[in-house]
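# Architecture at a glance
So the chains spell out like this:
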Amino acid sequence: MITLDSMRKAFGTRTVLDGVSLSLEPGRIAALVGPNGSGKTTLIKCILGLARADAGRLLLDGTPADADGAYRARIGYAPQAPHFPANLAVGEVFAMLQALRPTASVDETLLDEFSLRAEWATPVGTLSGGWRQKVSLAAAWLFRPDVLILDEPTAGLDPIAAGLLKHAIRAARAEGRTVLITSHILSELEELADDVAFLTDGRLRFAGSVQALLAETGTRRLEPAIAALLRGLKVANGGAR
Ligand SMILES: Nc1ncnc2c1ncn2[C@@H]1O[C@H](COP(=O)(O)OP(=O)(O)OP(=O)(O)O)[C@@H](O)[C@H]1O
């Protein structure tokens, strides 16, 4: 289990995460949702140690994350805009990743599902956006991590690849792994997510199961449920936002 305890992060005078406490549980898929700029990517970067929180703690299975970042080996991350060295061929990217962790066992499920060997000799820099995304996802899966963090994972994927990915995400859940997904496509999250964390302005406005969110908002779908939460915030702020 990953726990964020009162996580706070500012860039200059702008507070981007404002005391976020959240638990991500094994065997469940959590959706991280919120408007543009609400802090989702920053929250993910704080989990990954790519951004340093100003305050708060990150716990793994109840133990504070080690300062040397060794815990990160347990996390597979597919970023929103993957960057690989443009001149490396697809096969070289995976060879490089495996050279970094020579003793780790390898899960080639997504390599096979996405037929990435067909592009093995293609420089990553010449791949289309969707193929780069496939490389990024297969890399996130490669070492069978306990935790998968997927930032807009279906962006740019064709419907067949998106279907294969959803199948792999459900399989990861069935194996008891922890999955966190951000997406603006709520219908897609609805298909997958067990839990929802909703951020606006760096503050967590809801964290709980999808069923609890639907019950709380009196809705049957995720989209009107999130709209209802936003309306509630506007009313609470006197219509200021
Ligand atoms: N390195 C940085 N320096 C300064 N400000 C930053 C930095 N990274 C993010 N921000 C600001 O932090 C806020 C939250 O950004 P973040 O990328 O976490 O939002 P998001 O919820 O992921 O947005 P989106 O849905 O558009 O991807 C934004 O106002 C952004 O401009």
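Below: a short report on this structure. This one's a predicted model, so the numbers in the text were calculated from it and none came from an experiment.

### Overview of the packing of aromatic side chains
Here the structure, examined in full by the defined rule, presents one aromatic pair. Plain terms: the ring middles of F94 and W120 are 5.7 Å apart, the flat faces sit at 5 degrees to each other, and that makes the pair stacked. Of the two residues, F94 is situated in helix α2 (residues 90-100) and W120 in the loop between α3 (109-113) and α4 (129-141); the sequence distance between them amounts to 26 residues. For the cation-ring pair, K134 lies above W131, with the distance from its terminal atom to the ring centre recorded as 3.8 Å.

### Some points on the site of the ligand
Within the structure, the ligand sits among 13 residues, and G37, K40, T41, T42 and H184 are positioned closest to it. At 3.0 Å, a side-chain N or O of R14 approaches an oxygen atom of the ligand. G39 places a polar main-chain atom, nitrogen or oxygen, 3.0 Å from an oxygen atom of the ligand. Those elements that place two or more of their residues in the shell around the ligand are β2 (14-24) and α1 (40-48). When residues in the shell around the ligand are grouped by element, the largest group, three residues, is from α1. Within the shell around the ligand, the residues separate by chemical class into three nonpolar, eight polar and two charged.

### Focus on the nonpolar core
F94, L137, W141, L150 and I169 are the most contacted members of the largest nonpolar core, which has 47 residues in total. Of all hydrophobic cores here, the second largest spans 24 residues; its members include L24, C46, A51 and L58.

### As for the packing of helix α7 (residues 210-217) against helix α8 (residues 222-236)
Contact pair α7 / α8: the axes reach a minimum separation of 9 Å and the direction vectors enclose 60 degrees. Between α7 and α8, the crossing angle belongs to the class labelled oblique. Both α7 and α8 take part in a crossing whose hand is left-handed. The segment α7 lies against α8, with L213, L214, E216 and T217 engaging L222, A225, I226, A228 and L229. For the contact of α7 with α8, the class distribution of residues is seven nonpolar, one polar and one charged.

### Considering α1
Given 3.6 residues per helical turn, the α-helix brings residues three or four places apart onto the same face. Burial analysis of α1 places seven of its nine residues in the buried class, the great majority of the element. Among the residues of α1, K40, T42, L43, I44, C46, I47 and L48 are the ones counted as buried. Where α1 terminates, the next one or two residues include G49, which has phi positive at roughly 75 degrees.

Cut-offs used in this document
Residues numbered from 1 in each chain as written. Predicted model: local features only at pLDDT ≥ 70, side-chain atom pairs only at ≥ 80, totals over all residues. Heavy atoms only, no water. Phe/Tyr/Trp six-rings, centres within 6.5 Å; stacked < 30°, edge-to-face > 60°. Helix = DSSP H or I, 4+ residues; strand = E, 2+ residues; numbered from the N terminus. Lys NZ or Arg CZ within 6 Å of the ring centre and 35° of its normal. Near = heavy atom within 4 Å. Polar contact = N/O pair within 3.5 Å; in protein donor to acceptor, adjacent residues only side chain to side chain. Nonpolar A, V, L, I, M, F, W, Y, C, P; charged D, E, K, R; others polar. Core = buried A, V, L, I, M, F, W, Y, C linked by side-chain atoms within 4.5 Å. Buried < 20%, exposed > 50% of the residue type's maximum accessible area, 1.4 Å probe, protein only. Axes fitted to C-alpha atoms, helices over the stretch in contact; angles between N-to-C directions. Parallel < 35°, antiparallel > 145°, perpendicular 65-115°, else oblique. Left-handed = near helix turned anticlockwise from the far one by under 90°. Contact = heavy atoms within 4.5 Å.

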